[in-house]
Structures are given as structure tokens and as C-alpha cells.
Amino acid sequence: MWNAIATFLTNSSAITIIVIAWLSVYFILSFTILLSRYLALGVWRAKEQSALESILIGGKIENTSSVLKNCSSSVNKEKLDVYIGLAESRSTSGLTLLAIVASTSPFIGLFGTVVGILETFANLGDGTGGINAIARSISEALVATGCGIFVAIPAYSFNLLIKRKAYEIVSLIKREASVLLSNK
């Protein structure tokens, strides 16, 4: 298998190599964002869940690890809204980059495909393109499209997973704020 990949890359055009390298960086970036954000959000969610449960049974917010514990001295709606907004911003970091990867990857792959097909037509025009050369060039071009789609699907899925975790955290924090305001 590794020999086939090495042979493919050796015989590929510079544009195909650039497209595959670019998509490889996107792929690694997507998984890095997923792992770091998903794990961090999971820990944060557990802390906020624990804080909410503590507040509900009569505990003080100061004794929790909630992002709202800094509001405990003077609880008011405006201050809580600011902390909720900051938490929402912090919890959704990384989503923009995943959205960019998910939306641009297919176009990067398509760019590689178009250039590959243009090279195929250029070879046909030169008279150097037999059926084997045409098949190889078209195959190379389609690999670029496949790679673009292969990168876009996980990036989009990861975006949705992180967005859901962020929603859960913000919902918990809003419930904590409601309890704090009702206890005031």
C-alpha cells in the first residue's frame, strides 16, 4: 500500500501534491480541534453540572467551580448576562475554523480536479496523451476531489459535536443564573 501511495505521489503533478498537502493540514487541524475542544468542554460541562446541583440544594456559588462564582457578591441580571456571553464565546471557540475547513475542503479538492483535467486536455492537444495517460491523469484529478470530501465530512461533523457541547454548557450556566436570580 505504501508503495502505491509513493508511486502515486511521485507521478502526480505539483498542484495535486499541493492540494493533498493542504487537505492533510486541514484534516490534522480538524482532529486537533475536536480532541482539544471536546475534552475541555466535557470537563467544563461536568463542573457546571456540579455547580448547578450544589446551588439547587442550597449551596453557595462561591464554593463551586462555576464561571458565575465571581458574580456571587452582587448578583444582578446585567452582570450575569455578561458572564453568560463570555462563557458562550469561550465555549464556541474553534467552531469558525472547523466551519472554514468543512466548507472550503471540497473546493480545494475540486480545484485539484479541474487542474488535473486541464492537464489531461493539454496532453491530448500535444498528442502525448494516449488512453493510459488520460486514465492516469483523470484518476489523479478525481483523487483530489475525493480527498476534499474526505476532509469536509469529519470537519462538519466535529463542528456539530462541539456546537452541541457548547449549547449544553451555556444552557447549564443560564439555569445557574436563573437560580441565583430567584434566590436573590
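Going by the structure above, here's the rest.
Below is a short write-up of the structure. (Residues numbered from 1 in each chain as written. Predicted model: local features only at pLDDT ≥ 70, side-chain atom pairs only at ≥ 80, totals over all residues. Heavy atoms only, no water.)

**Some remarks on the packing of aromatic side chains**
Taken as a whole and assessed by the stated rule, the structure comprises 4 aromatic pairs. Ring plane angle 25° and centroid distance 5.3 Å describe the contact between Phe27 and Phe150, whose orientation is recorded as stacked. Taken together, the residues Phe27 in helix α2 (residues 14-56) and Phe150 in helix α5 (residues 131-183) connect sequence positions 123 residues apart. An aromatic cluster of three or more residues is present, and its members are Phe27, Phe31, Phe150 and Phe158. If you follow Lys165 out to its NZ or CZ, it ends over the ring of Tyr38, 5.1 Å from the centre. (Phe/Tyr/Trp six-rings, centres within 6.5 Å; stacked < 30°, edge-to-face > 60°. Helix = DSSP H or I, 4+ residues; strand = E, 2+ residues; numbered from the N terminus. Lys NZ or Arg CZ within 6 Å of the ring centre and 35° of its normal.)

**Regarding the side chain of Ser66**
Structurally, Ser66 is set in the loop between α2 and α3 (77-91). A residue is classified by how much of its surface remains accessible, and Ser66, at 2% relative accessible area, is buried. A polar contact is formed between the side chain of Ser66 and the backbone nitrogen of Leu68, at a distance of 3.0 Å. (Buried < 20%, exposed > 50% of the residue type's maximum accessible area, 1.4 Å probe, protein only. Polar contact = N/O pair within 3.5 Å; in protein donor to acceptor, adjacent residues only side chain to side chain.)

**As for the pattern of salt bridges**
Here the structure, examined in full by the defined rule, presents 4 salt bridges. A salt bridge links Asp81 to Lys77; the shortest N-O distance between them is 3.4 Å. Taken as a pair, Asp81 and Lys77 lie in helix α3 at a separation of 4 residues, close to a single helical turn. Under the relative-accessibility criterion, Asp81 is labelled partly exposed at 38%. Residues Glu140 and Arg136 are paired through a salt bridge, measuring 3.8 Å at the closest nitrogen-oxygen approach. Taken together, the residues Glu140 and Arg136, both in helix α5 and 4 residues apart, mark about one turn of the helix. (Salt bridge = Lys/Arg side-chain N within 4 Å of Asp/Glu carboxyl O.)

**Overview of the nonpolar core**
Grouped together as the largest cluster of nonpolar side chains are 25 residues, with contacts concentrated most on Trp44, Val67, Leu68, Leu80, Ile162, Ile173 and Leu180. Contributing elements (two or more residues each) for this core: α2, α3, α4 (95-126) and α5. Setting aside chain neighbours within four positions, we find Ile162 in contact with Ile33, Leu34, Arg37, Leu41, Ser91, Leu95 and Leu98. One finds Val101, Ala102, Ile108 and Ala144 within the second-largest nonpolar core, a separate group that totals 9 residues. (Core = buried A, V, L, I, M, F, W, Y, C linked by side-chain atoms within 4.5 Å. Contact = heavy atoms within 4.5 Å.)

**Some details on the packing of α2 against α5**
At a minimum axis separation of 9 Å, α2 and α5 run at an interaxial angle of 15°. One way to sum up the angle between α2 and α5 is to call them roughly parallel. Classified by chirality, the crossing of α5 by α2 is left-handed. Along the lines of polarity and charge, the residues of the contact of α2 with α5 split into 31 nonpolar, 6 polar and 8 charged. (Axes fitted to C-alpha atoms, helices over the stretch in contact; angles between N-to-C directions. Parallel < 35°, antiparallel > 145°, perpendicular 65-115°, else oblique. Left-handed = near helix turned anticlockwise from the far one by under 90°. Nonpolar A, V, L, I, M, F, W, Y, C, P; charged D, E, K, R; others polar.)

**What about the side chain of Ser30?**
Here Ser30 lies in helix α2. A relative accessible area of 2% places Ser30 in the buried class. Apart from the residues within four sequence positions on either side, Ser30 is in contact with Leu98, Val101, Ala155 and Phe158.

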